[in-house]
Amino acid sequence: MLLVGLVVFAASLVLLGATWAVARRDEPLSRTLTLLTTLTFLVTVAAKVNVRIRIRATTHGVSWTEVAFMIGLAVAPVPLAILATALGMGIARALVRLAPLKLAFGVAKDSLLAATAGLILIMADWRWGSDEPFIDLVPALLAAYLAAVLLDEVLTIPVIALATRTRARDLFREHYDLRLASVAARFLVIVSTLVILRSNPSFLVVVPPLVLSLHLAYSNRVRNRSERDAWQRLARTTDALNVVDLDTVLTTAVTQAAELFSADEVEIELHHGGRTVRGGAGGITHDGPAGDPGTVDGTVLDTPLEGHDRTADVGVLRLRFRGPVQLSEREQYTLRTFASALCTAVRNAQAYAELARVAAEHAYAATHDALTGLANRRHLLDQGAEQLSSRHAEGVTALVLIDLNHFKEVNDTLGHAAGDQVLVQVAERLRAAAQDGDLVARLGGDEFAVLLRGLPAPAVAAHRAESLLATLHEPFDLDGMRISVEASGGIAAAPASGGIAELLRRADVAMYQAKRAGQRISTYAPTRDTADIGRLTLGGDLSRAVADHEFTVNFQPIVDLGTGGVIGAEALARWHHPTHGVIDPLRFLEAVERSGLLPAFAEAILDQALIAAGSWRDAGFDVPVAVNVSPRSLLDARFPGSVLARLRAHDLPPDRLVLELTETLTLSQLDVVDRVLSRLRDEGVRLALDDFGTGYSSLSLLSRIPVHELKIDRSFVTAMETSAEAAAVIRSTLDLGRSLDLTVVAEGVENEPQRRALWELGCTAGQGHLFARPTPAGTLLATLRRGSGGSPGVLVPPLHDSGAVIRLAPGRRPATRGRTDRHLPA
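Each residue is numbered by its place in its chain's sequence as written, counting from 1. Reporting in this predicted model follows two pLDDT cut-offs: at least 70 for local features of residues, and 80 or more for side-chain atom pairs to be given and counted; totals over whole chains, interfaces and linings ignore these cut-offs and use all residues. Each side-chain value is worked out from all heavy atoms of the structure, with water and hydrogens disregarded.

K.L.:
Would you mind showing me how to read the overall build of the protein here?
P.N.:
To qualify as a helix, a DSSP run of H or I must reach at least 4 residues; to qualify as a strand, a run of E must reach at least 2; elements of each kind are numbered from the N terminus. When you go through the protein residue by residue, the secondary structure sums to 27 helices and 23 strands. Note on definitions: a residue-residue contact is assigned when non-hydrogen atoms from the two residues lie within 4.5 Å. Within the protein, contacts between residues at least 6 apart in sequence are counted, and of these 70% link residues at least 24 apart. Entry remark: accessible area of the protein is about 39300 Å², with carbon and sulfur atoms responsible for 57%. With residues, only the protein chains shown are counted as cover, and all accessible areas are computed by Shrake-Rupley using a 1.4 Å probe.

Here you go:
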C-alpha cells in the first residue's frame, strides 16, 4: 500500500503539472482536443491488446501501452501525451472493471513512465517535424524508451512481489529473454511508425497488422514457454515425491504445489490419522489434526487424492487463493496429475512406515526379553562384541553375571506366575541400579547379566556389582506376601582376546566359583580356570597335530523337513588328540586362529570335506557339503585361490561347496572381506550366514554380504516351543528369507514336534540329532544307502504322503528355491 501510494502521489503531481502546461498553450482548443482524443484512443487500444499472466490470485497483463505513448510523445507536446496516457489507461482499465487499487496504480504508473520518457526527450531537445535526419533522432528516442521500460520494471515487479508474496528476484528473471525480445520488437514498431508518419502517413495502414502479428507471436511464445515450464516443474515435483518418508512427501508436496499452481496456501488433509499439513512456498505453517481453519480467505480448490482408477482415496489437496481464480484447462489437468502422483507417494510412504514399524517390532522382539523387557542374550552378545571391537571405546569393559539361588523353589511352591513376578521385579531393580551406558540383560530362566562400560579401572567393577546385588537383598512383594531371594554374581573384565563369548564364559566361571564358595560375589581368577589352562596346553600341540593329520571331519546331514531327504551335509572338525582323546572345536579353534597354522588347518579340513562330497557323488548322492570359515581366513587375499584350487583338484563344481560365515565379522572388516567373498561367489561357491539372529549385526552383515542361505541358531529352535521371543526370531528370519529368496536352515532339530512346527512356519530345511548325529563320511554314506522305509537318501519318514493336500498357517508357506540350489527330492 505504501509503494502504491507513493506512485499515485507522484503521478498526481505529474498530471497536475501536465494539465497546467496544456492550459497555458496558445493553440486552438479544437486542435488540442482532437489531438488529445486521438492519442487517448491510441493508448486505450494499445492497453486492451495484452498478454495475461496469473501470479497467485492476481492476473497481470503485458500490453503495448509503451508503443502508444512513445508515439504520442514523439509527435505531440509532452504534457498532452502524458494526459492522453492517463486518460487512455483509465478508460482501458475501467472497461475491464479492475479493482480501484489496481486501476489507480496502473494509471499512475503509466503516467510516470510517459513523464519520464517525455522528460528525456525534452532534455534531448526533441523536435518533431524538423528537417533534421530521422537517424539523428533515434538515440534520443531509444534513451527515452529504455528509461520508460526500466522504470516500468522497477515499479511493477516489487508491487507484484509484495502483493503475491513472491520473491522479486524470481519475477525479474522470469521470461527475461522473451521480455527483452519484446522490448526490441516494440521499439522497432515505434521507429517504423514514426518513419512512416514522417515520409508518407498513408502507409500507417500497415502498422496495425504489424502490431497484431508481433502481439500474437509474443503471446504464443509466452504461452508455450509457460506450458513447457509448467510440465518441467510437474516432472521435477513428481520426482521429488519419490521418497519413503511421509513427512518429506507432505512437505515437498505443499511447497512444490504452491510454486506449481501459484497458490497462496496449500493444504493436504489425510483421512488416515486425521492429519492436516498446511503451508506455502516458504515452508510448513501447520502440521496437526484436521479441523484447524486455514489462514487464507478467498478461492479454495479441492482435489481428492486418488489414483488414476479413482480408487484408494487417501485424502484431499486444497489450493487457497486470496482472490477469485479460475484454473485453465492445462492447469486443471496438471492438478489432477499432481494429485494422483501425491496419492501414490502418500500410499507408498504409509506402506513403508507400516513395514518399518513391523520390522522394528520384530527387531525389538528379537533383541529383548518378552517377560521383563530387558535385552536378551543375543542383544548382549551383539552389544558386547561391538564394544570390545571398538577402537575408540574408553575405559574398561566388564560383565556381571547374576543367578538367583533356589529360584526353582519359588516356581514349585508359588507357581510360575509368581516366579514371573519375581523375575519382573528383579529386572526393574537391576535396571534402576544400573548407570547410564550399562546394558542390563536377561539371559534366560533366572540368569541376568549387566555389561559395564567405560569403567575407570577393573577394581570398580566389583564395587558396581556389589551395588547391583544389594538391590536384590530387600524382600519382594508378591500379592501381599514378602519373600526373599538370594543371588550369586560373577565378575569378569574384558579379556585381551576371545571377545564377548570369552568374557561371558569367564563371568560364568566366576559366578559358579561364588556359588561353590558360598559367597555372594566372586571375581574371575585365571588361576582357578582349568579350561583356560587346558587351552594353553593344547596350543602347544597344534603344529604336531597339523603335521600328523590329527584333525578329522565328521558330517551332519541337512534334511528337507517335509520329505526327510538329505539335501546337504555340514563338515564339523574334530581333533583326535593322542592324550586327551576327541576334542571339541570350541576348545581349540581360538588357538588355531591365533597361531600361524590357520591356512594349513583350513586346507586340511576343506580337503577332507571335498573328498567326502566326491565319494558321495560317485555313489549316486550328489550332496553339497558345507564348511565353516574362520573370519580370519576371509582377511587373506589368497584364500579364494586356495579354495578354487582344491575344488579343481577334487573335480567338484563350485556350487557343491557352501562356505558358512559367522556373525563375528565386524563392519570394519567388511571392506576387505567384500573382495574375497565376491570372487568366491562369482566363481559359483555358495555362501551361508551361520547362527543367524535378527539383531542389528545380523541385518548389517546381510546387507553387505551376498549370501545364499541363513542358518537359524540352535538356541532359538530349542526354545521356540516355550519362548515367544525365540519364535519371533524364527518367524522373522523365515520372513526375511522369503523376501530375499534365501534358503533358511534350522539347526538343532531334536524332535518331531520341532520339525513339524518349523515346517508349518515355512522352514523347509533343518539339521539336528532327530535326523543324525555327526558321523564320519563313510558312515554317512552307508546311512544314505540304507535310507528310511526303503528310500535311499531319506533319513526320516516324510511329514505327509505324496500328493497330500497340506494346510499351513495363514500367511505361511515354504520358501521357494529361486536363488538356492540345495536340490530337494521330488
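So much for the structure itself; the text now carries on.
K.L.:
How do you make sense of the pattern of salt bridges when you look at a structure like this?
P.N.:
A side chain of one charge can pair with a side chain of the opposite charge when the charged atoms of the two come close. We define a salt bridge as a side-chain nitrogen of Lys or Arg found within 4 Å of a carboxyl oxygen belonging to Asp or Glu. Per the stated rule, a full pass over the model turns up 31 salt bridges. Here Arg320 ties to Glu265 by a salt bridge, and the two come within 3.4 Å at their closest N and O atoms. Taken together, the positions of Arg320 in strand S7 (residues 315-321) and Glu265 in strand S3 (residues 265-270) put the pair 55 residues apart, joining distant regions of the chain. In this structure, the salt-bridge partner of Glu752 is Arg755, at a minimum N-O distance of 3.1 Å. One end of the pair is Glu752 and the other is Arg755, both in helix H26 (residues 752-761) and three residues apart, which spans about a single turn.

K.L.:
How do you make sense of the packing of aromatic side chains when you look at a structure like this?
P.N.:
By convention here, two paired aromatic rings are described through the distance between centres and the angle between planes. Classification of ring pairs rests on two measures: the distance between centres of Phe, Tyr or Trp rings, Trp counted by its six-membered ring, which must be within 6.5 Å, and the angle between planes, read as stacked under 30 degrees, edge-to-face over 60 and tilted in between. Under the criterion given, the structure shown has three aromatic pairs. With a centroid separation of 5.2 Å and 40° between ring planes, the pair formed by Phe551 and Trp575 is classed as tilted. Highlighted residues: Phe551 in strand S15 (residues 551-560) and Trp575 in strand S16 (residues 566-577), separated in sequence by 24 residues. Taking relative accessible area as the criterion, Trp575 reaches 0% and is therefore assigned buried. Members of the aromatic cluster, connected to one another through ring pairs, are Phe551, Trp575 and Phe601. It is Arg429 that lies over the ring of Phe476; its NZ or CZ is 3.9 Å from the centre. Note on classification: 1.4 Å probe, protein chains only; a residue is buried when its accessible area is under 20% of the maximum for its type, exposed when over 50%, partly exposed between these limits. Here, a charge over a ring means that NZ of Lys or CZ of Arg falls within 6 Å of the ring centre while also lying within 35 degrees of the ring normal.

K.L.:
How do you make sense of the sheet that holds strand S14 (residues 521-523) when you look at a structure like this?
P.N.:
The pairing of strands in a sheet comes from backbone hydrogen bonds and takes either a parallel or an antiparallel form. Note: two strands are recorded as paired if DSSP finds a minimum of 2 bridges between them. In space, the five strands of this open sheet follow the order S9-S10-S8-S13-S14, with mixed pairing throughout. Of all the strands in the sheet, the pair left with one neighbour each is strand S9 (439-444) and S14. Taking the axes of each pair of neighbouring strands and ignoring which way they run, one obtains an average angle of 20° across the sheet. Note: strand S13 (residues 487-493) against S14, three bridges, orientation parallel. Its bridge partner being in S14, Gly489 is matched across the sheet by Ile521. Only C-alpha atoms enter the line fits that serve as axes; for helices the fit covers just the stretch in contact. Angles between N-to-C directions range over 0 to 180 degrees.

K.L.:
What is the right way to read unusual backbone geometry from this model?
P.N.:
Comment: phi is negative for the bulk of residues other than glycine, and the bulk of peptide bonds are trans. Even without being a glycine, Asp125 presents a positive backbone phi close to 60°. In this structure, Asp125 sits in the loop between helix H5 (100-123) and helix H6 (134-164). Judged by its relative accessible area of 42%, Asp125 falls in the partly exposed class. Phi is positive for Asp741, which is not a glycine, with a value near 60°. Tracing the chain through its elements places Asp741 in the loop between helix H25 (724-740) and strand S22 (743-747).

K.L.:
How should the packing of helix H13 (residues 407-414) against helix H14 (residues 416-433) be read in this particular structure?
P.N.:
For any two helices packed against each other, the geometry comes down to the angle between their axes and how far apart the axes lie. Interhelical geometry of H13 versus H14 gives an angle of 140° and a closest axis separation of 6 Å. Looking at the two axes, H13 sits oblique to H14. Touching Phe407, Val410, Asn411 and Leu414 of H13 are His416, Ala418, Gly419, Val422 and Leu423, all from H14. Residues of the contact of H13 with H14, tallied by class, amount to six nonpolar, three polar and no charged. Oblique is the label for any angle not covered by the other classes, which are roughly parallel (under 35 degrees), roughly antiparallel (over 145) and roughly perpendicular (65 to 115). Note that Gly is not counted as nonpolar here; it falls among the polar residues with everything else outside the nonpolar set of Ala, Val, Leu, Ile, Met, Phe, Trp, Tyr, Cys and Pro and the charged set of Asp, Glu, Lys and Arg.

K.L.:
Would you take a moment to explain the side chain of Arg275 for this structure?
P.N.:
With respect to the secondary-structure elements, Arg275 resides in strand S4 (residues 275-280). What qualifies as a polar contact is a pair of N or O atoms within 3.5 Å, subject to a donor-acceptor requirement within protein and to the restriction that residues adjacent in sequence count only when both atoms come from side chains. A distance of 2.6 Å separates polar atoms of two side chains, one belonging to Arg275 and the other to Asp247. Apart from the residues lying within four places of it in its own chain, the contact partners of Arg275 are Leu246, Asp247, Leu250, Ile268, Glu269, Leu270, Asp287 and Gly288.

K.L.:
For this particular structure, what's the right way to read a nonpolar patch on the surface?
P.N.:
Residues form patches when they are more than 30% accessible in relative terms and have no salt bridge. Like charges link within 9 Å. Nonpolar side chains (Val, Leu, Ile, Met, Phe, Trp, Tyr) link within 5 Å. Residues Phe9, Leu13 and Leu16 make up a contiguous nonpolar surface patch of roughly 350 Å² in combined accessible area. With respect to the element layout, Leu13 can be found in helix H1 (residues 2-23). Note on Leu13: relative accessible area 49%, which makes it partly exposed.

K.L.:
Any chance you could explain the confidence of the model for the protein here in plain terms?
P.N.:
Detailed reading of the predicted model is not advised wherever pLDDT is low. Overall, the predicted model of the protein reaches an average pLDDT of 80, with 82% of residues at or above 70. Here residues 51-61 is modelled with pLDDT under 50, and outside its nearest four sequence neighbours on either side it reaches 51 contacts, counting other chains as well. Note on residues 201-206: pLDDT is under 50 here. Beyond four places in sequence and across chains, it has six contacts. Confidence scores per residue from the predictor, reported as pLDDT, run from 0 to 100.

K.L.:
Before we go on, may I ask you to explain the nonpolar core in this structure?
P.N.:
In a soluble, globular protein the nonpolar side chains are often hidden away together inside. Put simply, a nonpolar core is a bunch of buried Ala, Val, Leu, Ile, Met, Phe, Trp, Tyr and Cys residues held in one set by side-chain atoms that sit within 4.5 Å of each other. Among the nonpolar cores identified, the biggest contains 77 residues, and Phe555, Trp616, Leu657, Val707 and Leu758 are the most heavily contacted of them. With nine residues, the single largest contributor to this core is helix H20 (residues 598-618). Formed by 46 residues, the second largest nonpolar core is a distinct cluster that contains Val43, Leu73, Ala140 and Leu141.

K.L.:
For this particular structure, what's the right way to read helix H16 (residues 499-517)?
P.N.:
A turn of α-helix holds 3.6 residues, and therefore any two residues three or four places apart point the same way. What a helix is expected to span follows from its residue count: subtract one and scale by 1.5 Å. For H16, which comprises 19 residues, the first-to-last C-alpha distance of 27 Å matches the rise-based estimate of 27 Å (1.5 Å per residue) to within 8%. Within H16, the full set of buried residues consists of Ile500, Glu502, Leu503, Leu504, Arg505, Arg506, Ala507, Val509, Ala510, Met511, Gln513 and Ala514. Directly after H16, the chain includes Gly518, whose backbone phi takes a positive value near 70°.

K.L.:
How do you make sense of the pairing of strand S21 (residues 709-712) when you look at a structure like this?
P.N.:
The two faces of a sheet get side chains in turn, since along a regular strand they alternate between them. Of the two faces of S21, the one carrying Glu709 and Lys711 and the one carrying Leu710 and Ile712 are both buried. Across three bridges, the pairing between strand S20 (residues 686-692) and S21 is parallel. Residue pairing in the sheet places Phe692 in a bridge with Ile712 of S21. Pairing analysis gives four bridges linking S21 to S22, with the strands arranged parallel. Its bridge partner lying in S22, Lys711 is registered against Val745.

K.L.:
Looking at this structure, I do not really get the environment of Arg738. What am I missing?
P.N.:
Tracing the backbone through its elements, the reader meets Arg738 in helix H25. Note on Arg738: relative accessible area 18%, which makes it buried. Between the C-alpha atoms of Arg738 and Cys763, which are 25 residues apart in sequence, the distance is 9.8 Å.

K.L.:
Got a minute to help me understand helix H27 (residues 777-786) in this structure?
P.N.:
All of the buried residues in H27 are Ala777, Leu780, Leu781 and Leu784. The buried residues of H27 occupy an angular sector of 105° when the element is viewed end-on, so they sit on one face. Facing away from the buried surface of H27 by more than 90 degrees, the exposed residues are Gly778 and Arg786. The elements touched by buried residues of H27 are S15, S16 and H20. Just downstream of H27, Gly787 is the residue with a positive phi angle, here 65°. Directions from the helix axis toward the C-beta atoms define the arc.

K.L.:
Would you mind going over the packing of helix H2 (residues 29-48) against helix H4 (residues 78-95) with me for this structure?
P.N.:
Running from amino to carboxyl end, H2 crosses H4 at an angle of 45°, the nearest separation of the two axes being 7 Å. When the axes of H2 and H4 are compared, the pair comes out oblique. Crossing of H2 against H4: the hand is right-handed. Taking contact as the criterion, the partners of Thr32, Leu35, Leu36, Leu39, Thr40, Val43, Thr44, Ala47 and Lys48 in H2 are, on H4, Leu80, Ala81, Leu83, Ala84, Thr85, Leu87, Gly88, Met89, Ile91, Ala92 and Leu95. Taken together, the residues of the contact of H2 with H4 sort by class into 14 nonpolar, five polar and one charged. By convention the crossing between two helices is left-handed if the near helix lies anticlockwise of the far one by an angle smaller than a right angle, and right-handed if it lies clockwise.

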